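Close look at the chain arrangement
Letter by letter, the chains look like this.
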Amino acid sequence: KIDSLKYIFGQPDYLEGFGYIYPIKLKHYDEFQQCCYVLYISKKMFKPTQIPLLELIFYSAESFQLSTNQLISTYEKLFSLVLREEVCFDSYGDELAFESESGGVINSQNYDLVRSIIMKQNLMFEKKIYKDPKVQEWAEKALEARLKQNTKVTIEDMITTVSVFKGVSYEELMEYTIYQLHADFQRIRKIKEYDTRVIFRSVDSNVKVDDYAEEIDLFRNPYEDVVFVHKSKLKKLNMAIRE
């Protein structure tokens, strides 16, 4: 997992013809959240076609309740944040393009790769799309029910936890990347879980104590863990979510 060191150290990815793509720092988290939603639009949301994803998004702007101008400003802001330089919309004939101050260009040919890099850097996970609407409903209900059972932890909760346990000031945390914050937070959780299990082990030898330094896979897509249920259980899922 040598490549993962790049993410824990907050280093950028380099894409030929586009430049360095930097992970988002927490000080820009709110700005990023205002524009990163377009990255969740995948080709799986459209009927099979040879049309590139970026063009599909612009052609289908109205179906996402967006105007062309909104899409342009959103992408300009998004790409400016990850390149850390101003990016402006341009077009070459019928081709959509966004160009940076240093001359990097993103268009229909490299958008998918840029999108993939940005999502990986910032731990964004693509939602699974199923052809069968009923299967899609089951998957969403199952995930929603599972998330409801988990303890709710916000980005602010992660920041305060890391600050308290590591003695890191909020000014320092502003320079953390999203990946670094999640990595530290999950490691703290592992250590606290280890401490708790050690205490329980003193009274019950059957309690398993895992190594607090074991691998943490931050790239694991939560949508991949959805377990499908028989249609007879869909009602129970609905009830669990409403509780």
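It should be noted that the structure appears before, not after, this text.
Summarised in this report is the structure supplied together with it. (Residues numbered from 1 in each chain as written. Predicted model: local features only at pLDDT ≥ 70, side-chain atom pairs only at ≥ 80, totals over all residues. Heavy atoms only, no water.)

Let us look at the overall build of the protein. If you tally the helices and strands in the protein, you get 10 helices and 5 strands. Out of the 243 residues in the protein, the part that is buried amounts to 37%. Split by element, the accessible area of the protein, about 15,100 Å² in all, is 51% carbon and sulfur. (Helix = DSSP H or I, 4+ residues; strand = E, 2+ residues; numbered from the N terminus. Buried < 20%, exposed > 50% of the residue type's maximum accessible area, 1.4 Å probe, protein only. Areas by Shrake-Rupley, 256 points an atom, 1.4 Å probe, with all protein chains shown as cover.)

Examined against the element boundaries, N107 turns out to sit in strand β5 (residues 105–107). Its relative accessible area of 14% is what places N107 among the buried residues. Residues in contact with N107, not counting those within four places in the same chain, are L54, E95, L96 and A97. (Contact = heavy atoms within 4.5 Å.)

Our focus in this paragraph is the packing of aromatic side chains. Tallied over the full model, the rule gives 15 aromatic pairs. Between F58 and Y75, the aromatic rings sit 6.1 Å apart at their centres with planes inclined by 25°, giving stacked as the arrangement. Here Y75 lies in helix α4 (residues 68–83) and F58 lies in helix α3 (residues 53–59), a separation of 17 residues in the sequence. In this structure Y75 comes out as buried when scored by relative accessible area, which is 0%. Taken together, the ring pairs in this structure connect F18, F58, Y75, F79, F89, F98 and Y111 into an aromatic cluster. Over the face of the ring belonging to F219 we find K120, whose NZ or CZ atom lies 5.0 Å from the ring centre. (Phe/Tyr/Trp six-rings, centres within 6.5 Å; stacked < 30°, edge-to-face > 60°. Lys NZ or Arg CZ within 6 Å of the ring centre and 35° of its normal.)

The backbone of Q65 sits at a positive phi, close to 60°, despite the residue not being glycine. Overall, Q65 belongs to the exposed group, its relative accessible area being 74%. Residue L123 is not a glycine yet carries a positive backbone phi of 55°. By the secondary structure assignment, L123 is in the loop between α5 (111–121) and α6 (133–149).

This part takes up the sheet that holds strand β3 (residues 87–92). The strand order β3-β4-β5 describes an open sheet built from 3 strands, whose pairing is antiparallel. The open sheet has two free edges, formed respectively by β3 and β5, since each of these has just one partner strand. Neighbour-to-neighbour, the strand axes of the sheet open up by a mean angle of 30°, direction not taken into account. In this sheet, strand β4 (residues 95–100) lies alongside β3 in antiparallel orientation, the contact comprising 6 bridges. Across the sheet, residue F89 finds its bridge partner in β4, namely F98. (Pairing = 2+ DSSP bridges. Axes fitted to C-alpha atoms, helices over the stretch in contact; angles between N-to-C directions.)

We now examine the pairing of β4. In textbook terms, the turn of a hairpin is the stretch between consecutive antiparallel strands, and for β3 and β4 this stretch comprises 2 residues, one of which, G93, has a positive phi near 70°. With 3 bridges joining them, β4 and β5 adopt antiparallel strand pairing. Residue A97 lies in a different strand from β5, and its bridge partner there is N107. Where β4 folds back onto β5 in an antiparallel hairpin, the turn is made up of 4 residues, including G103, whose phi is positive at roughly 100°.

In this fold, S80 is placed in helix α4. Expressed as a C-alpha distance, the spacing of S80 and I21, which sit 59 residues apart in the sequence, is 9.8 Å. Setting aside residues no more than four positions away along its own chain, S80 makes contact with E85, E86 and V87.

Counting through the fold element by element, Q180 comes out in helix α9 (residues 178–201). Among the polar contacts made by the side chain of Q180, one reaches the main-chain amide nitrogen of T177 at a distance of 2.8 Å. Setting aside residues up to four positions removed in sequence, Q180 forms contacts with Y7, I8, F9, G10 and E175. (Polar contact = N/O pair within 3.5 Å; in protein donor to acceptor, adjacent residues only side chain to side chain.)

Moving on, we get to the state of the cysteines. Going through the model one piece at a time under the given rule, you end up with 0 disulfides. Among the cysteines around C36, which has no disulfide bond, C35 carries the closest sulfur, lying 6.3 Å off. (Disulfide = S-S within 2.5 Å.)

Applying the stated criterion across every chain, the model contains 7 salt bridges. Note that K27 and E175 form a salt bridge whose closest N and O atoms lie 2.9 Å from each other. Residue K27 is found in the loop between β2 (19–21) and α2 (29–35), and its partner E175 is found in the loop between α8 (170–173) and α9; the two are separated by 148 residues along the sequence. Salt-bridge contacts for K208 lead to D210; the nearest nitrogen and oxygen are separated by 3.6 Å. Connected via shared salt-bridge partners are K25, K27 and E175. (Salt bridge = Lys/Arg side-chain N within 4 Å of Asp/Glu carboxyl O.)

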